[in-house]
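Coordinates in review
One-letter residues, chain by chain:
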Amino acid sequence: MDLVLLPIVLLAAFLNGYGIWNDHYANSYYTTAVGSMLSNFHNFFYASLDSAGSVTVDKPPVVFWIQTAFAYVFGLHGWSVILPQVLAGIGSVLLIYFMVKPTYGLAAARISALAMATVPVVAAVSRTNNIDSMLVFTLLLGSWFLFKGSKQGSAWCILVAFGLIGLAFNMKMLQAYMILPAFYLFYLLAFQAKWRRKILILISSTAVLVVVSLSWAVTVDSIPEDERPYIGSSETNSVMELAFGYNGLARLTGQQNTSGDSGMPNGIGQGNNRGSRGDSTSAPNQTDSGSPGSGQAANAPDNDNPNASGTNTMGGMNGPNGNFPNGQMPNDMEMPNGRNFGGNGGGGMGGMFGTGEKGPLRLFQTELSGQASWLLPVVLLGCIAIFAGLRRRNITIKHKEALFWLAWLLPVAAFFSVAGFFHQYYLIMLAPPIAALTGAGFVAMWKSYRDRNGWQAWLLPVSVLLTTLFGWYIMQVYNDTIGAGWSISELIAGILITVILVVMLRRTHRWKQGFIVAGFVVMLIGPIYWAFTPITYGGNSMIPAAGPTGSNSMFGGAGMGMPMGNGPGDADMPTTGGRGGMGNRNEEVDTATLNYLNEHNTGETYLFATTDYNQAAPYIIDARAAVITLGGFSGSDPVYTTEELEQLVKSGQVKYFMVGGMGGRGGNSEVTDWIKEHGTEIPTSEWKTGTDTGSMNNGDTENEAGLGFGFGFSGQTTLYEVKL
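Criteria and thresholds
- Residues numbered from 1 in each chain as written.
- Predicted model: local features only at pLDDT ≥ 70, side-chain atom pairs only at ≥ 80, totals over all residues.
- Heavy atoms only, no water.
- Axes fitted to C-alpha atoms, helices over the stretch in contact; angles between N-to-C directions.
- Helix = DSSP H or I, 4+ residues; strand = E, 2+ residues; numbered from the N terminus.
- Parallel < 35°, antiparallel > 145°, perpendicular 65-115°, else oblique.
- Contact = heavy atoms within 4.5 Å.
- Nonpolar A, V, L, I, M, F, W, Y, C, P; charged D, E, K, R; others polar.
- pLDDT = per-residue confidence, 0-100.
- Buried < 20%, exposed > 50% of the residue type's maximum accessible area, 1.4 Å probe, protein only.
- Pairing = 2+ DSSP bridges.
- Patch = residues over 30% accessible without salt bridge, like charges linked within 9 Å, V, L, I, M, F, W, Y side chains within 5 Å.
- Areas by Shrake-Rupley, 256 points an atom, 1.4 Å probe, with all protein chains shown as cover.
- Salt bridge = Lys/Arg side-chain N within 4 Å of Asp/Glu carboxyl O.
- Phe/Tyr/Trp six-rings, centres within 6.5 Å; stacked < 30°, edge-to-face > 60°.
- Expected span 1.5 Å × (residues − 1).
- Polar contact = N/O pair within 3.5 Å; in protein donor to acceptor, adjacent residues only side chain to side chain.
- Core = buried A, V, L, I, M, F, W, Y, C linked by side-chain atoms within 4.5 Å.
- Lys, Arg positive; Asp, Glu negative; His and termini not counted.
- Charge placed at Lys NZ, Arg CZ, Asp CG, Glu CD.

With that settled, the discussion passes to the packing of helix α20 (residues 512–523) against helix α21 (residues 525–536). Between α20 and α21, the shortest axis-to-axis distance is 4 Å and the interhelical angle comes to 40°. Between α20 and α21, the interaxial angle falls into the category oblique. Touching V521, V522 and M523 of α20 are I525, G526 and P527, all from α21. A class-by-class count of the residues in the contact of α20 with α21 yields five nonpolar, one polar and no charged.

Okay, here's the thing in structure tokens:
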């Protein structure tokens, strides 16, 4: 056993897992789905958001199946649904180690493992119940089988490798396919067999990939719509359309579906309805579990839809005619360094969530560089060292594996450089190739430096200098928050180590190797500090990201360019997290509401239905109550028609409806109007304790709490009793 690996693994465990027991709801959208999935197999299979099994979440179910299994064993808690991602993050560190070690040696494996453990976005994402940590682990596991199969000539390993990519597709759809160029390239280069057998295995592997990828999607789409939930965030109630549209091409173009600001926080933009599911007037299908089987989900917890039709928008947020006075966001839409986060040519919502401006240097911009880009200078110069001795007839396994990691890194980096819409935490896809190439490349530069191998010997000191300069560039933006000592110390130390390495280049000294190690440690000052920020500054469970603004920012580490409370002139935003992680907008269970609904329940299947899933979340998670969400995530999706609601009420399945809430939107206007027309408003004093917990009860969207703008975290909640 490598004793050096143990502290690296312990570091990863600490970064990923410390304090997760304090996150009550985690990403409440997903935790609510797990609570619903625990109730019956119908909800489990479809990854239903609500107890009625009427609408799915906007991603495939595999990760939620795993989270549900953990919740079944340990109970439904924030930490129990986060734990699988913690373990996946640790597993990714181990996989990087075991993939790098056979080819590049022990030192490279250790460096790669440490680099993987300290990529800031990995630490930020792995301590939430978002999908990406498990996705990366699955992709790395498939890559490990690919390496093993290619070295051993095992067709079965190759089939398993491609099958795991198909499994990853059922975690986050087309994002899993981003590494397929690397898979095909490495297989063609490294798998030793006659071309006929090679092509046959490749065709078979591709078939396995397609079959596994589409197994759940085709199964669900083949089931009649009135016998299954609506597919959340889809336009046509189709998993296939969701995969290749909303979760596919739309990510590149930035043109999401046209539902009313779907995926945006409720109330941010008024949006229009998504439309009708058709002419069906039948009631939602009842399964044996008593779960209606139709409906549509609202959009993702990653707040994924940028464009709301019918509104004057600023990248999906309300523009001059919306909730922001004069169309102006707090802090003038600026990043901590004064950069306009909307960007020029940001495209769709590309700049909305602190993702910078499109272009070849996007990953080096302040908005994104702190998540995963710290070691890119080492990767660049390390690859030069690896390929410096490449000859056409002398392509070694080192070159082939380096090409694999490059074929993973470059397409992913290119995508994020031009993509119209994504979140900072998606950059976790860059972490494995950066970590692997850091270890392999640093050792290659180390050897060239030690052997005084001409111009290649200069690569090591230059890499130390460039990487520390880049680290200073990233950190100095936040000097007012973290103090100037961190950035200046790294810069001075980097320059000092560089000078020493240059002086010692032509000399032999017993401390020479120690200074090389010191150079690498200095390069890690920035990423290690950033990796700790989700712990030291707090994290955002809905849209995780690393950085000193991670806990205060509503939309990730750099937020929407709105650092809150971190410096002069920053907008002092309210806490909106309830007992969940930052970024959630949940109310907690109001005991008065719960008691009232239970006491007045006359045998109805569902305690209540609501237009705001945030209201349903604590009752499903904490009280384990059966609740219907009428509009999925955003509240605006046509999960039910008025005819279906009428049938639900007449059949005695539900009689209480909550309208409004933290978004104050009322969801689908047709459904809301029907509830108000046929329902009797229950006086607030009879069923609610004081004002809404976890929200600002203002009703005035312009000047409450000294904000000067309505951000959709307020609005009255009204309870209606509908009897027909």
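When pLDDT is low, close inspection of the predicted coordinates is not appropriate. Within the chain, residue pLDDT values average 81, and 76% of them lie at 70 or more. When the criterion is pLDDT under 50, residues 303–350 qualifies, and its contacts beyond four places in sequence or with other chains add up to 160 contacts. In the predicted structure, residues 662–666 sits below a pLDDT of 50 and forms 30 contacts with residues beyond four places in sequence or in another chain.

This part is about the pairing of strand β5 (residues 656–660). Every regular strand shows the same layout, with side chains that alternate between the two sheet faces. Buried residues dominate β5, accounting for five of its five residues. One ladder, built from two bridges, connects strand β3 (residues 608–610) with β5; its direction is parallel. Paired with T610 across the bridge in β5 is M658.

Before going further, it helps to examine a nonpolar patch on the surface. Among the surface-exposed residues, W458, V462, L466, L469 and V502 lie close enough to one another that they form a single nonpolar patch of about 380 Å² accessible area. Counting residues per element, the nonpolar patch draws most heavily on helix α17 (residues 459–476), at three residues. With respect to the element layout, V462 can be found in helix α17.

Quick look at the sheet that holds strand β4 (residues 627–629) now. Spatial ordering of the open sheet is given by β4-β3-β5-β7-β6, a layout of five strands whose pairing is mixed. On the outer flanks of this sheet lie β4 and β6 (679–682), each paired with one strand and no other. Averaged over all neighbouring strand pairs, the angle between strand axes comes to 30°, with direction disregarded. Across four bridges, the pairing between β6 and strand β7 (residues 717–722) is antiparallel. Across the sheet, residue E681 finds its bridge partner in β7, namely Y720.

One pass over the structure, following the stated rule, counts eight salt bridges. The residue E401 makes a salt bridge to K151 at a minimum N-O spacing of 3.2 Å. With a gap of 250 residues between them, E401 in helix α15 (residues 397–418) and K151 in helix α8 (residues 132–152) connect regions that are remote in the sequence. By relative accessible area, E401 is classed as buried at 0%. Where E721 meets K655, a salt bridge forms, and the shortest distance between an N and an O atom there is 3.8 Å.

Looking now at the packing of aromatic side chains. Within this structure, the stated rule accounts for 42 aromatic pairs. Between the aromatic rings of F70 and F74, the centroid separation amounts to 6.1 Å while the plane-to-plane angle is 40°, which identifies the pairing as tilted. With F70 and F74 both in helix α4 (residues 62–74), this residue pair falls four residues apart, about one helical turn. Here F74 falls in the partly exposed class, since its relative accessible area comes to 41%.

Here the focus is helix α1 (residues 5–17). Between its first and last C-alpha, α1 extends 18 Å over 13 residues, near the 18 Å set by a 1.5 Å rise per residue. What α1 keeps buried is the set L5, I8, V9, L11, A12, L15, N16 and G17. Looking at the buried residues of α1, the elements they touch are α5 (78–104), α6 (106–117), α7 (120–126) and α21. One or two residues past the end of α1 sits G19, with phi positive at roughly 85°.

A word on the side chain of T717. Note on placement: T717 falls in strand β7. By relative accessible area, T717 is classed as buried at 4%. Reaching out from T717, the side chain makes a polar contact with the side chain of Q615 at a distance of 3.0 Å.

Core analysis: the biggest nonpolar cluster contains 176 residues, and W405, W408, M429, F442 and I675 have the highest contact counts within it. Of all the elements, α5 adds the most residues to this core, at 13 residues. Formed by 15 residues, the second largest nonpolar core is a distinct cluster that contains L594, Y619, V627 and I682.

A separate point is unusual backbone geometry. Not every positive phi belongs to a glycine, and M173 is a case in point at roughly 55°. Mapping M173 onto the fold places it in the loop between α9 (155–172) and α10 (180–190). With a phi angle near 75°, S233 is a residue other than glycine that sits in the positive phi range. Tracing the backbone shows S233 in the loop between α11 (195–222) and α12 (239–253).

Glancing now at a negative patch on the surface. Taken together, the side chains of E643, E670, D673 and E677 make up a negatively charged region of the molecular surface. Residue contributions to the negative patch peak at three residues, all from helix α25 (residues 669–678). Mapped onto the fold, D673 is located in helix α25. A relative accessible area of 48% places D673 in the partly exposed class.

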